[in-house]
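Breakdown of the fold
Listed here are the chains, written in short residue letters.
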Amino acid sequence: MSEASNRAEKPPNWIFLHPTYQQMKSLEVEDSAQVHAAFLVYMDLAEVRQWKEVSCVKSPELQVVLLEGREKEGAPVQTILPLPTHRPLSHKSIRHVLDRGFPMLLCAVASDSTLVYQRMTDGLVTPDPPAGPFKDLGRKQHRKRRQKH
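Residues numbered from 1 in each chain as written. Predicted model: local features only at pLDDT ≥ 70, side-chain atom pairs only at ≥ 80, totals over all residues. Heavy atoms only, no water.

Put simply, the rule reads: UniProt positions are given in the numbering used here, feature names are shortened, and annotations may be inferred rather than shown by experiment.
Naming follows an unreviewed UniProt entry, where the chain appears as tRNA-splicing endonuclease subunit Sen15 of Cottoperca gobio. Turning to the chain, the UniProt record has this under Sequence similarities (unreviewed entry): "Belongs to the SEN15 family."

This is the structure we're talking about:
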């Protein structure tokens, strides 16, 4: 077989044929890396994490594809901002997504398809207390350590 016929027989990448990827491409976002990142995040949320009602929308101001979905049935809608790790992020862009009125997740997408999610909030949020059986040793334990040194 010739090299040209081998290329012709090679099936196209399934990602490019996926209906959701086609829908994202139709949003006409200029950054193809961001569209690819958005699709990887979509697949993770919809297929792996089993989120409900995951959809894509365009942010004309940021020129990005945003995702919206529910973590589980009846949960509030969340906005997800998928960004390739090489793309810069500004306070203004975070503010724009937060102003949509939904809780926000930032998802950093590495070149090896690793996904890292970070919950973003409007203001400071008190962290949850640590969980587990902890014993308060008080100041006596601290003094003992100091005396040993």
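Resuming the write-up.
Points about the nonpolar core
Inclusion rule: Residues belong to one nonpolar core when they are buried, are Ala, Val, Leu, Ile, Met, Phe, Trp, Tyr or Cys, and are joined through side-chain atoms within 4.5 Å. The buried label goes to any residue with under 20% of its type's maximum accessible area, the exposed label to any with over 50%, and the partly exposed label to all in between, with areas taken from a 1.4 Å probe on protein chains only. Each helix corresponds to a stretch of at least 4 residues labelled H or I by DSSP, and each strand to a stretch of at least 2 residues labelled E; elements are numbered beginning at the N terminus.
Residues Met 24, Tyr 42, Leu 67 and Ile 80 are the most contacted members of the largest nonpolar core, which totals 23 residues. Elements represented by at least two residues in this core include exactly α3 (19–26), α4 (32–48), β1 (52–59), β2 (64–70) and β4 (104–109). Per-element accounting of this core gives the leading share, 10 residues, to α4. Counting residues in hydrophobic clusters, the runner-up holds 11 residues, among them Val 64, Met 104, Leu 106 and Met 120.

Observations concerning the packing of aromatic side chains
In this description, a pair of aromatic rings is defined by centroid distance and the angle of the planes. The cut-off we apply is this: Pairing of aromatic side chains here covers Phe, Tyr and the six-membered ring of Trp, requires ring centres within 6.5 Å, and sorts the geometry by plane angle: under 30 degrees stacked, over 60 edge-to-face, intermediate tilted.
Here the structure, examined in full by the defined rule, presents 4 aromatic pairs. Considering the side-chain rings of Tyr 21 and Phe 39, the 5.6 Å spacing of their centres and the 85° angle between planes classify their relative orientation as edge-to-face. Here Phe 39 lies in helix α4 and Tyr 21 lies in helix α3, a separation of 18 residues in the sequence. Under the relative-accessibility criterion, Tyr 21 is labelled buried at 5%. The class for Phe 39 is buried, based on a relative accessible area of 1%.

Some remarks on the sheet that holds β1
Here is the rule we go by: Two strands are counted as paired when DSSP detects at least two bridges linking them. Axis lines are fitted to C-alpha atoms, over the contacting stretch for helices. Their N-to-C directions set the angle, which ranges from 0 to 180 degrees. In this analysis, two residues are considered to be in contact whenever any of their non-hydrogen atoms come within 4.5 Å of each other.
In space, the 5 strands of this open sheet follow the order β1-β2-β3-β4-β5, with mixed pairing throughout. Every other strand in the sheet has two partners, leaving β1 and β5 (115–120) as the edge strands with one partner each. For this sheet, the mean inter-axis angle between neighbouring strands, taken without regard to orientation, is 25°. Relative to β2, β1 is paired through 6 bridges, and the arrangement is antiparallel. Within the sheet, the bridge partner assigned to Lys 52 lies in β2 and is Arg 70. Sheet strands in contact with α4 are β1, β2, β3 (77–84), β4 and β5, and its direction is about 135° off that of β3. Here helix α5 (residues 91–98) sits on the sheet and contacts β1, β2, β3, β4 and β5; the angle it forms with β4, its principal contact strand, is near 135°.

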